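Survey of secondary and tertiary structure
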Amino acid sequence: MDIKKIEDWGLGLTTPLWIAGPCSAESKEQIESISQGLVGSGVQMFRAGIWKPRTRPNAFEGVGEEGLKWLEIPKKTLNIPVCVEVANAKHTEAALKAGVDVLWLGARTTVNPFSVQEVCDAVKGTDIPVMVKNPINPDQQLWIGAIERLLKVGITKIAGIHRGCSDNVPSRFRNNPEWSMPILLKKEFPTLSVVSDPSHICGNREMIEEIGQTALNFGLDGLMVETHHDPDNAWSDAKQQITPERLKEIINNFQIRHSIDESPELKTEMDQHRQIIDVLDKQLIEILSQRFKAIREVGQYKKEHNLSVFQRDRWDEVINTRIAMAIERGVSEDFMRKLLMDIHDESIKLQEASMHTENK
Ligand code: PEP
Ligand code: MN
């Protein structure tokens, strides 16, 4: 069974698809203000969280079913479909009954096959479109698995939402983008539309435009952006919500990229750029191979002199000097820190292994 692209959902959607609306529905007045603000924005779908999965207790957990009826407001004001997050059968049944047009599975739901299956069982026999956020951890199989579960119950109007993954490495993102995940998902399901959610990736207002543009540059099919008429006083995710006015501005600023397949000349030029990248990748691999060879030699030396594998001062110096060099050369600190961590993990493994080999 083929997945239907958003253009084929029968809802009049086109790409790039702009989805906007508050993190949480708070009141009828709030939904009215935001809907009014979005008039003329080009937004094609309204979002609002009715049941909110909060990491810690005592936070605002959503207005619940009562909020569903407020969603008639954006439908009327903007003449667009509305979508809500559902995490269990009860949410799903209530949303279907209220005439919600599109459902989505949140990151904390995709991560749990029991919950995904419960929602799948509740939508079985309907034609409702379901969007699936990536799981909170960078596990591509969980994302794929949730989509497969929907297909198994006959849902074909499916889209992915890329919202990044949590991570313990200090970073400028609330959720690390893991750009390879949405790209690989589109490879896995060639007709699947995937939109990006820069709000949950960034966790702040300032970076939404930059990350939204990056998503469009990667060929993603649109954006879901948390939008509130009074972001500072939002009941959830206040720091990352933007006003409808700001959303209009960034939608105007976005550069929409076209697929390379549309132009043979561009394709030839691209191939030339790609050849350069191929050569650089070869060099990168050669350098890594040489670095690991040197690491094995250090491992042997440490073994002969009875030294421990991990030496903290040396590691701090490596990190600090390399990051400083990287910044100077225009390589991001986040990326360099991660790369060094991965190289370091591999180096420790190699040194460990050479500690256990016999002296020759
Ligand atoms: C949301 O969209 O408000 C939400 C809870 O997102 P996520 O599932 O990505 O954390
Ligand atoms: Mn949110």
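Numbers given for residues are sequential positions, taken from 1 along each chain in its written order. Each chain gets a letter, beginning with A, and each ligand a number, beginning with 1, in the order they are written. At least 70 in pLDDT is required for a residue's local features to be given in this predicted model, at least 80 for side-chain atom pairs to be given and counted, and no such filter applies to totals for whole chains, interfaces and linings, which use all residues. Derived side-chain values reflect all non-hydrogen atoms in the structure, with water molecules and hydrogen atoms excluded from consideration.

1. Notes on the confidence of the model for the protein chain
Filter applied, for reference: The pLDDT value tells you how sure the predictor is about a given residue, anywhere from 0 up to 100. Secondary structure elements follow DSSP: runs of H or I no shorter than four residues count as helices, runs of E no shorter than two count as strands, and numbering proceeds from the N terminus.
Model confidence for the protein chain is summarised by a mean pLDDT of 94, while 99% of its residues fall at 70 or above. Predicted confidence in the protein chain is weakest over helix α13 (residues 333-356), with a mean pLDDT of 89, and strongest over strand β5 (residues 130-133), with 99.

2. Observations regarding the coordination of the manganese ion (ligand 2)
Here is the rule: Each metal site lists N, O and S donors within 2.8 Å (3.2 Å for Na, K and Ca). With water left out of the atoms, a site can look as if it is missing ligands. Exposure categories follow from relative accessible area, calculated using a 1.4 Å probe and restricted to protein chains: below 20% of the type maximum is buried, above 50% is exposed, and the middle band is partly exposed.
The manganese ion (ligand 2) binds to the protein through Cys 23 (SG), His 200 (NE2), Glu 226 (OE) and Asp 237 (OD); the donor distances cover 2.1 to 2.4 Å. Binding-site remark: the manganese ion (ligand 2) is held by donors from one chain whose sequence spacing is C-x176-H-x25-E-x10-D. In this pair, Cys 23 sits in the loop between β1 (17-21) and α1 (28-37) while Glu 226 sits in strand β8 (residues 222-226), placing the two residues 203 residues apart along the sequence. The same class applies to Cys 23 and to Glu 226, which are both buried.

3. Remarks on unusual backbone geometry
Geometrically, the link from Thr 15 to Pro 16 is a cis peptide bond, its omega value of -5° lying close to zero. Turning to its location among the elements, Pro 16 is positioned in the segment before β1. With a phi close to 45°, Asp 237 is a non-glycine residue in the positive phi region. By secondary structure assignment, the location of Asp 237 is in the loop between β8 and α10 (244-253). On the accessibility criterion, Asp 237 (17% relative accessible area) is buried. Located in the positive-phi region is Asn 306, a residue other than glycine, with phi close to 55°. Inspection of the secondary structure assignment puts Asn 306 in the loop between α11 (264-304) and α12 (312-328). Among the residues examined, Asn 306 registers a relative accessible area of 74% and is labelled exposed.

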